[in-house]
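The primary structure of each chain is shown beneath.
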Amino acid sequence: MMARLVKLLPPLFDLGLVIIAYLLAFVLRFDGIENISQQHIKQFWSFLLFVPLLRLGCNTALGLYHHVWRYIGIRDTLGIVVATFAGSALFALLALMLGQHSFPRSVVGIEFLLSLVLFTGSRVIWRFGSEHRQHRSTAATRTLVVGAGDAGELLVRDMIRHPERGLMPVGFIDDAAAKRGTRIHGIGVLGDRTDLARLVAEQQIELIVLAMPSASRLEQRAILQLAAATPAQVKILPSLHDIIGGNVAVSQMRDVAIEDLLGRDPVVIDNSLLDYLAGKRVLVSGAGGSIGAELCRQIAKQRPARLLCLGHGENSIYHIDQELRASFPELELCSLIADIRDAGRIGGIFATHAPQLVFHAAAHKHVPLMETNETEAAANNIGGTQVLARTAAANGTERFVLISTDKAVNPTSIMGKTKRAAELLLQDLAGRSNTRFVAVRFGNVLGSRGSVVPLFRKQIEAGGPVTVTHPEMRRYFMTIPEAVTLVLQAADVGQ
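Residues numbered from 1 in each chain as written. Predicted model: local features only at pLDDT ≥ 70, side-chain atom pairs only at ≥ 80, totals over all residues. Heavy atoms only, no water.

**Student:** When you look at the overall build of the protein in this model, what are you seeing that I'm missing?
**Tutor:** If you tally the helices and strands in the protein, you get 16 helices and 15 strands. Each of the 495 residues in the protein was classed as buried or not, and the buried ones make up 45%. With the model as given, the accessible surface of the protein reaches about 25,600 Å², and the carbon-plus-sulfur share is 59%. (Helix = DSSP H or I, 4+ residues; strand = E, 2+ residues; numbered from the N terminus. Buried < 20%, exposed > 50% of the residue type's maximum accessible area, 1.4 Å probe, protein only. Areas by Shrake-Rupley, 256 points an atom, 1.4 Å probe, with all protein chains shown as cover.)

Quick look at the structure:
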């Protein structure tokens, strides 16, 4: 019962507005009630019933009462214009059909304008009041948005519409001088990036959101460094590629990741260079690891005949198996638990599935840990590679790619020495096998297991110190997708 009454409120409210608009149209047309003739007063009363009915009928037919007033936007406003115009057209047509040729035509026009203003204005006022009440009742986080472009506008709109999420936009900053002093959804553009620290202090900013998904990585990094120097929390919107359909919402904000500080735009290659993967049976060892899992994701996109995910840890293989099945339902996927040092098990896998391409990512790669576990490092990195490579060669595998490391260059660590030995093993096999063997050396891969970056992150979170091998040490980083793309490209061009 209560729900029905609530649904009746908007039409009843509009009914009152129509009567007000109709009355005011006559008053304005004749410049006061006292100037209205008896004939026109009769006409006023004769149409008083029809005009509201026409208005409510058009509004209902065109779906105006399905709109939620709190979320009125441009499309809703256009709907109001169409419904109001339709009502006025029917009003004029009715006057002609009833033979009321003396009915003042200007009343129809004035009534149209007044109804349009009252319908639209009442809804806008309702939305503004609703948002203001919720903002006032919520202990919101004072937020500064960097970037007054499309992404920033959509983000602030979402904050305003959903105050229950606890974010209150205080202002924008943008480097475009033309935007300085302008307002978007009532929120001002307060300055450029050089004003960031000052605005955080003056406006008591608690959160800075970088809403420039199309900006270069270098530009984003420069702004993030300025933001990091303030006491405010910093978040970032994902890339435009990740923002489906151009919708930007508060829920898409994320913490700043290491990749955002790369200092350059990620390298992207032409996907046509990976066409050789289509229709092939592909095996990835170490498929549950960071590099192996990304290899599986990128290979799956190229429509292989079959993808074999091989790993020793059941949990990690289970997770990548579930992810791939959800993302690529048409993919012929086979997840295998095995130790690459087990020649019998590996031989059985090759006999059953006959992989044409092998990407060998399984390895022990934590440098300090391998210094005290040299036997295990050698058994896995050398012995396991030997089993896998020899089995591939014996079964006619077309290409075999080893994931190696820059630490194999003049190696000084146990891990580096085992990887160098694996490379030499492949060189030996390449000279007496039809399989094309390729090794790819990585530097530091951001976010991969065994990378120095997770260690640095934990040291920073613990308050330091950050330990480095040597004060003059310089590291060169790449992202996991970049590293994997390098592997896939090397498998095609490597000799």
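**Student:** Help me understand helix 13 (residues 374-394) in this model?
**Tutor:** Side chains of residues three or four places apart in an α-helix project in the same direction, reflecting 3.6 residues per turn. Taking 1.5 Å per residue, 21 residues should reach 30 Å; helix 13 reaches 29 Å between its end C-alpha atoms and fits that length. At G383, helix 13 shows its maximal kink, close to 25°. Among the residues of helix 13, A377, N380, N381, G384, T385, V387, L388, A389, T391 and A392 are the ones counted as buried. Two residues or fewer past helix 13, G396 is found with a positive phi of approximately 75°. (Expected span 1.5 Å × (residues − 1). Bend = angle between axes of the 7 residues up to and from the residue.)

**Student:** Could you clarify how one ought to interpret the pairing of strand 5 (residues 207-210) in this entry?
**Tutor:** Both faces of the sheet carry side chains from a regular strand, because those side chains alternate between them. Burial along strand 5 is two-sided: L207 and V209 and I208 and L210, pointing in opposite directions, are all buried. As paired elements, strand 1 (residues 141-146) and strand 5 share four bridges and run parallel to each other. Looking at the pairing, L144 lines up with I208 of strand 5. Bridge analysis of strand 5 against strand 6 (residues 233-236) gives four bridges, and the strand direction is parallel. Across the sheet, residue L210 finds its bridge partner in strand 6, namely I236. Chirality of the crossover, the property in question, places the unit of strand 5, helix 8 (residues 217-228) and strand 6 among those that are right-handed. (Pairing = 2+ DSSP bridges. Right-handed = clockwise from strand over helix to strand, strands pointing away.)

**Student:** Help me understand the pairing of strand 12 (residues 399-405), please; the structure alone is not making it clear to me.
**Tutor:** Counted residue by residue, strand 12 has seven buried out of seven residues, so it is predominantly covered. Residue alternation in strand 12 divides its side chains into two sets, R399, V401, I403 and T405 and F400, L402 and S404, and both sets are buried. For strand 11 (residues 357-360) and strand 12, the ladder comprises four bridges, and the chain directions are parallel. Pairing of V358 across the sheet is with F400, part of strand 12. Taken together, strand 12, helix 14 (residues 414-430) and strand 13 (residues 436-442) constitute a β-α-β crossover, and its handedness is right-handed.

**Student:** Help me understand helix 9 (residues 290-301), please; the structure alone is not making it clear to me.
**Tutor:** For helix 9, which comprises 12 residues, the first-to-last C-alpha distance of 17 Å matches the rise-based estimate of 16 Å (1.5 Å per residue) to within 8%. A large share of helix 9 lies buried, amounting to 10 of its 12 residues.

**Student:** Which parts of the structure should I look at to understand the packing of aromatic side chains?
**Tutor:** Pairs of aromatic rings are described using the distance from one ring centre to the other and the angle between the two planes. This structure, assessed with the given rule, holds one aromatic pair. Between F400 and F437 the ring centres are 5.4 Å apart and the planes differ by 50°, which places this aromatic pair in the tilted class. Taken as a pair, F400 in strand 12 and F437 in strand 13 lie far apart in primary sequence, 37 residues in all. For the pair F400 and F437, a shared accessibility class is recorded, and that class is buried. (Phe/Tyr/Trp six-rings, centres within 6.5 Å; stacked < 30°, edge-to-face > 60°.)

**Student:** Got a minute to help me understand unusual backbone geometry in this structure?
**Tutor:** With the exception of glycine, most residues fall at negative phi, and the peptide bonds are largely trans. Phi is positive for H185, close to 55°, though the residue is something other than glycine. Here H185 shows up in the loop between strand 3 (183-184) and strand 4 (187-191). Phi angles above zero are rare outside glycine, and R303 is one such case at about 60°. Here R303 shows up in the loop between helix 9 and strand 9 (306-311). With a relative accessible area of 61%, R303 lands in the exposed category.

**Student:** Looking at this model, I keep getting lost on a nonpolar patch on the surface. Mind explaining?
**Tutor:** A surface patch of nonpolar side chains, amounting to about 260 Å² of accessible area, comprises I20, L24 and L28. Assignment of secondary structure puts I20 in helix 1 (residues 2-29). (Patch = residues over 30% accessible without salt bridge, like charges linked within 9 Å, V, L, I, M, F, W, Y side chains within 5 Å. Salt bridge = Lys/Arg side-chain N within 4 Å of Asp/Glu carboxyl O.)

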